[in-house]
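Summary of structural features
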Amino acid sequence: MLAMRPGCECCDSDLPADTGAAFICSFECTFCATCAARLHFACPNCGGELLARPRRPSAKLAANPASQERIYKPQGCAQALSHQSQ
């Protein structure tokens with residue numbers, strides 16, 4: 001089951017489990033739509049493709065809660081973006 005992490009790793013914006021604005025790689029690194037686009041839909045951690053994260057319906061969250069673990073690594077995003085601009 002997907003962890004459904006609650007925030008963007010780059011900007012730490014909230015990403016509720018039922019939002020359509022979250023993007024993940026195969027390792028479940030999680031980004032908001034704005035940061036994913038700035039990263040050209042490539043994960044700065046593994047280089048994998050960032051795809052739209054499926055939504056977890058609100059009715060299913062009680063039995064299958066989203067993760068509470070926030071991962072915030074702005075330095076990795078900044079480094080990836082600086083490499084892209086070179």
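Values in this document were obtained by computation on a predicted structure and should not be read as measured data. (Residues numbered from 1 in each chain as written. Predicted model: local features only at pLDDT ≥ 70, side-chain atom pairs only at ≥ 80, totals over all residues. Heavy atoms only, no water.)

1. What to know about the nonpolar core
One finds Cys8, Cys10, Phe31, Leu39, Cys43 and Leu50 to be the most contacted residues of the largest nonpolar core, which totals 16 residues. Of all the secondary-structure elements, those providing two or more residues to this core are β1 (22-24), β2 (30-32), α1 (33-38) and α2 (74-84). Look past the residues within four positions of Cys10 in its chain and what remains in contact with it is Phe31, Cys35, Leu39, Tyr72, Pro74 and Cys77. (Core = buried A, V, L, I, M, F, W, Y, C linked by side-chain atoms within 4.5 Å. Buried < 20%, exposed > 50% of the residue type's maximum accessible area, 1.4 Å probe, protein only. Helix = DSSP H or I, 4+ residues; strand = E, 2+ residues; numbered from the N terminus. Contact = heavy atoms within 4.5 Å.)

2. Focus on the packing of aromatic side chains
Enumeration according to the criterion identifies one aromatic pair in this entry. Seen in terms of ring centroids, Phe23 and Phe41 are 5.4 Å apart; in terms of plane orientation they differ by 55°. Their pairing is tilted. Of this pair, Phe23 sits in strand β1 while Phe41 sits in the loop between α1 and β3 (51-52), placing them 18 residues apart in sequence. According to the relative accessible area criterion, Phe41 is partly exposed, its value standing at 35%. (Phe/Tyr/Trp six-rings, centres within 6.5 Å; stacked < 30°, edge-to-face > 60°.)

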